[in-house]
Structure formats: structure tokens, C-alpha cells
Amino acid sequence: MLMEVQKKDPDLQLLDKLMTVTFSQRRKEITGDEPLVSVVMDRWPALFSERQIGAEFSRIVTTDLLHSFLDGLDALVPSLLEMFKAAVVSGRKVTLKRVLQCLEKE
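Along each chain, the written sequence defines residue order, and numbers are assigned to residues from 1. Local features in this predicted model are restricted to residues whose pLDDT is 70 or higher, and side-chain atom pairs enter the listing and the counts only when it is 80 or higher, whereas totals over whole chains, interfaces and linings include all residues. Computation of side-chain values: all heavy atoms of the structure, hydrogens and water removed.

## Some points on the overall build of the protein
No. 1: Helix and strand assignments come from DSSP, with helices taken as H or I runs of at least 4 residues and strands as E runs of at least 2, each series counted from the N terminus. Secondary structure assignment for the protein yields 7 helices and 0 strands.
No. 2: C-alpha atoms define the radius of gyration, and 2.2 Å times the number of residues to the power 0.38 defines the globule rule. What you see for the protein is a C-alpha radius of gyration of 21 Å, clearly larger than the 13 Å of a compact globule of 106 residues, by over 25%.
No. 3: Projected onto the principal axes, the alpha-carbon positions of the protein cover approximately 55 × 30 × 25 Å.
No. 4: Contacts spanning at least 24 positions in sequence make up 34% of the contacts within the protein whose residues lie at least 6 apart.
No. 5: Seen as two clouds, the 15 positive and the 16 negative side-chain charges of the protein have centres 5 Å apart. For this analysis, residues touch if any pair of their heavy atoms sits within 4.5 Å. Counted charges follow a simple rule, with Lys and Arg positive, Asp and Glu negative, and His plus the chain ends left uncounted. Just so you know, the charge point we use is NZ for Lys, CZ for Arg, CG for Asp and CD for Glu.

Here's what the structure looks like:
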């Protein structure tokens, strides 16, 4: 797996398969030994790619990370917009004014 990760164009499907097969071993090591992040990075470098972060999240909680994040963000948008509007009105954040104008057009 280490050699595959170091390739210029690694086989992502092979890495997916290898990471799935080694999940229980990795989980045991991480939760049992509680290694430093640098040790985990050396031992499981693929785990720190965007693709594998999402896959590992799905393996652990059986939920898609990006979908979960975007759903949570959608729920916060009205509150964030109100906060941004208040900042613009108070004159503290002039750059937000242009962002809000674009959002209001949509």
C-alpha cells in the first residue's frame, strides 16, 4: 500500500480495496495504541487523502461525510446570512456586502 500511495498516479480503486481490507487492523491500532498523528501518517498515508477521509468516515459511521457536512451547512445558512447582514449593517464587514448582494440576486 505504501508503494501505491507514493506513485505519481496511484490506482485509487486498489487503494480503496486495500484500505477497506485493512480497516479492522487500522482501527485496532489507532484506538488501542493511540499513536501520534505522525506515526499514523507514516503507517497509513492513504488515510490522509480527501478520498480516503470520506471513505473512512463512511466505514465508521455509515454516512457520507460530504453529504452530512452539506446538510449541516444548509441548516445553518439562514443564521449565517442574518449574521452577515448584521455585520454589513454595522459597517464591520464591507467585503461581505458584495457576497450578500450576489446571494440575494439568486
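## Side note on the side chain of Glu29
No. 1: Mapped onto the secondary structure, Glu29 falls in helix α3 (residues 23-33).
No. 2: In protein, a polar contact means a hydrogen-donor-capable atom and an acceptor-capable atom, both N or O and within 3.5 Å, with residues adjacent in sequence counting only if both atoms are side-chain atoms; elsewhere, any N or O pair within 3.5 Å suffices. Only 3.0 Å separates the side chain of Glu29 from the side chain of Arg43, close enough to count as a polar contact.
No. 3: With residues up to four places along the chain from it excluded, the contact list for Glu29 reads Glu34, Pro35, Arg43 and Trp44.

## Brief notes about α3
No. 1: Burial classification: accessible surface area is computed with a 1.4 Å probe over protein chains only, and a residue below 20% of its type maximum counts as buried, one above 50% as exposed, and the rest as partly exposed. Turning to α3, its buried residues number three or more, namely Phe23, Arg26 and Glu29. Taken around the axis of α3, the buried residues stretch over an arc of 135°, which confines them to a single face. In α3, the exposed residues that point more than 90 degrees away from the buried face are Lys28, Thr31 and Gly32.
No. 2: Residues of α3 that are buried sit in contact with α2 (12-21), α4 (37-43) and α5 (50-61).
No. 3: Positive phi shows up at Glu34, right after α3, with a value of about 50°. Starting at the helix axis, one direction is taken to each C-beta atom, and the arc is that of these directions.

## A short note on a nonpolar patch on the surface
No. 1: Patches here are clusters of residues that have more than 30% relative accessible area and form no salt bridge, with a 9 Å joining cutoff for like charges and a 5 Å cutoff for nonpolar side chains (Val, Leu, Ile, Met, Phe, Trp, Tyr). Here the accessible surface of atoms and residues is derived via Shrake-Rupley with a 1.4 Å probe, and residues count as covered only by protein chains that are part of the display. Salt bridges are defined by distance alone: a side-chain nitrogen of Lys or Arg within 4 Å of a carboxyl oxygen of Asp or Glu. Together, Leu66, Phe69, Leu70, Leu73 and Val77 give the surface a local cluster of nonpolar side chains, amounting to about 440 Å² of exposed area.
No. 2: Here Val77 shows up in helix α6 (residues 65-90).
No. 3: A residue is classified by how much of its surface remains accessible, and Val77, at 33% relative accessible area, is partly exposed.

## Let's talk about the layout of surface pockets
No. 1: In this analysis the probe radius is 1.4 Å and the grid spacing 1 Å, with only protein atoms considered; a cavity is a set of points the probe fits into but cannot get out of, a pocket is an open set with protein on both sides within 12 Å along at least five of seven lines, and lining residues have an atom within 4 Å of a point. Grid points are joined across faces, edges and corners, and a volume is the space filled by probe spheres set on the points. Size it by volume and the largest pocket reaches roughly 170 Å³.
No. 2: Taken together, Phe23, Arg26, Arg27, Ile30, Thr31, Val37, Val40, Leu47, Phe48, Glu56 and Ile60 make up the full set of residues lining the largest pocket.
No. 3: The set of elements that each furnish at least two residues to the lining of the largest pocket consists of α3, α4 and α5.
No. 4: When residues in the lining of the largest pocket are grouped by element, the largest group, 5 residues, is from α3.
No. 5: In this count, Pro and Cys sit with the nonpolar residues alongside Ala, Val, Leu, Ile, Met, Phe, Trp and Tyr, while Asp, Glu, Lys and Arg are called charged and the others, Gly among them, polar. Grouping the amino acids of the lining of the largest pocket by side-chain chemistry returns 7 nonpolar, 1 polar and 3 charged.

## Considerations on the pattern of salt bridges
When charged atoms on two side chains of opposite charge get close, those side chains can pair.
No. 1: Applying the stated rule across the entire model yields 5 salt bridges.
No. 2: Taking the shortest distance from any N to any O, the salt bridge between Glu4 and Lys7 comes out at 2.9 Å.
No. 3: Assessed through its relative accessible area of 10%, Glu4 is described here as buried.
No. 4: Residue class for Lys7 comes out partly exposed when judged on its relative accessible area of 45%.
No. 5: Among the ionic contacts, a cluster of salt bridges with common partners joins Arg26, Glu56 and Arg59.

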